[in-house]
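Examining the three-dimensional arrangement
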Amino acid sequence: MYVYDPKALHHIIVKDQQIFEETAGFLIGMDLTFGKSLFSTTGEAHRRQRKMMNPVFSIAHMRGLIPIFYDLRDTFLQKMENGPQEVDMEDWLTRTALELVGQSGLGFSFDPLTEGGEQHHYSHSVKNFIPVGDKLMVARHFVLPLVYNFGTPQFRRWVVDTLPWKNLHELRDIVDAMQDTAVEIVESKQRAIKAGDETILQQIGKGNDIISILIKENMKASEEDRLPDEELVGQVSSLTFAAMDTTSNALCRTLYVLCERPDAQDRLRAEIRAACKKVGGGELGYDELVSLPYLDAVCRETLRL
């Protein structure tokens, strides 16, 4: 069942979220994949995580992310510096979206965004998660709830390693890579914050990324609201997974729709150029971007379609 009604969605996702819990198979699978994150918790644990995450997505913090988007735009434009060429936009926008999420969300770089550039192993893992996970859908929903807490974690890992099941081994390697990278990111942020402002400024995102802000907010939180490290780690891959495909798909769809409507493309370009002139030919900030009515209309209409 697909729900489209805004009021129904508000009840399901916000107001009465505790009534519409996910299935046991989904929650267990998300727990084993991402750890104790927004995807895998319910009730009080979920409420506490959402409360901690809310300040991270404030307008003030969003403003600080704009320079990162411009830096990545310039990197992407270098591909066109030798003149017109055919570009696989789906592939490039997927890479760009992951790097956007990496730098703005995690303060971490996964991809140099160059032709033939070596991508971080995390990139391959997060991109292959859904294709591999889909092959195990039946087992996740009907078998996993029956066996996930059987024996010790070490015993369950031995069973996974021993079973002659290729798809399961591929998913194991993907989850291991995601977990190791998430731990590395959180620990590096915690060390930088403890070391002081100079160390933070030397990192990608300069402390304005979402995970750095979340860790700072968590340090200031009361004991009852503070998230343990395993829940901080769980947010890393959850945030990446939730933002990467949604961003790349929306960007691809927007460009496709604009290509079908050259008149809309010309009008949008004219609006952006006029706004740039007003600020002296410089880059548009957050407030200028959100005040562009036709840009807002294009984004809304693309999402509606």
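Residues numbered from 1 in each chain as written. Predicted model: local features only at pLDDT ≥ 70, side-chain atom pairs only at ≥ 80, totals over all residues. Heavy atoms only, no water.

1. Description of the packing of helix H6 (residues 89-106) against helix H7 (residues 121-134)
Their axes nearest at 12 Å, the elements H6 and H7 cross at an angle of 115°. If you check the angle between H6 and H7, you find them roughly perpendicular. Here H6 and H7 pass one another in a crossing that is right-handed. Within the contact between the two elements, H6 uses Thr94, Arg95 and Leu98 and H7 uses Ser123, Val126 and Lys127. Taken together, the residues of the contact of H6 with H7 break down into 2 nonpolar, 2 polar and 2 charged. (Axes fitted to C-alpha atoms, helices over the stretch in contact; angles between N-to-C directions. Helix = DSSP H or I, 4+ residues; strand = E, 2+ residues; numbered from the N terminus. Parallel < 35°, antiparallel > 145°, perpendicular 65-115°, else oblique. Left-handed = near helix turned anticlockwise from the far one by under 90°. Contact = heavy atoms within 4.5 Å. Nonpolar A, V, L, I, M, F, W, Y, C, P; charged D, E, K, R; others polar.)

2. Structural notes on the environment of Ser248
Following the sequence through the fold, Ser248 ends up in helix H13 (residues 229-260). C-alpha of Ser248 to C-alpha of His46: the two residues are 202 residues apart in sequence and 27 Å apart in space. The contact partners of Ser248, leaving out residues within four places of it in the chain, are Leu93, Thr94 and Ala97.

3. Side note on a nonpolar patch on the surface
Among the surface-exposed residues, Val138, Phe142, Val143, Leu146, Val147, Phe150, Phe155 and Trp158 lie close enough to one another that they form a single nonpolar patch of about 910 Å² accessible area. Counting residues per element, the ones that place at least two in the nonpolar patch are helix H8 (137-147) and helix H9 (153-162). Here the nonpolar patch takes 5 residues from H8, the largest share from any one element. Mapping Phe150 onto the fold places it in the loop between H8 and H9. Since its relative accessible area comes to 56%, Phe150 is described here as exposed. (Patch = residues over 30% accessible without salt bridge, like charges linked within 9 Å, V, L, I, M, F, W, Y side chains within 5 Å. Areas by Shrake-Rupley, 256 points an atom, 1.4 Å probe, with all protein chains shown as cover. Salt bridge = Lys/Arg side-chain N within 4 Å of Asp/Glu carboxyl O. Buried < 20%, exposed > 50% of the residue type's maximum accessible area, 1.4 Å probe, protein only.)

4. Some details on the nonpolar core
The biggest cluster of nonpolar side chains holds 34 residues, and the ones touching the most others in it are Leu106, Phe110, Leu214 and Val236. Per-element accounting of this core gives the leading share, 8 residues, to helix H10 (residues 166-195). Every residue in contact with Leu106, bar those within four places of it in the chain, is listed here: Val101, Ile185, Lys189, Asp209, Ile211, Val236, Leu239 and Thr240. Counting residues in each nonpolar core, the second largest holds 11 residues, with Tyr70, Ala264, Leu284 and Leu292 among its members. (Core = buried A, V, L, I, M, F, W, Y, C linked by side-chain atoms within 4.5 Å.)

5. Here's the deal with the pattern of salt bridges
This structure, assessed with the given rule, holds 17 salt bridges. Of the charged contacts in the structure, one is a salt bridge between Lys51 and Asp225, with a shortest N-O distance of 2.9 Å. Of the two residues, Lys51 is situated in helix H3 (residues 43-53) and Asp225 in the loop between helix H12 (210-220) and H13; the sequence distance between them amounts to 174 residues. The exposure class assigned to Asp225 is buried, which follows from its relative accessible area of 11%. Arg300 is the partner of Asp296 in a salt bridge, and the nearest nitrogen-oxygen pair spans 2.9 Å. Of this pair, Asp296 and Arg300 both sit in helix H16 (residues 293-304), 4 residues apart, roughly one helical turn. A residue is classified by how much of its surface remains accessible, and Asp296, at 35% relative accessible area, is partly exposed. A single salt-bridge network, built from bridges that share partners, covers Arg157, Asp161, Arg172, Asp173 and Asp176.

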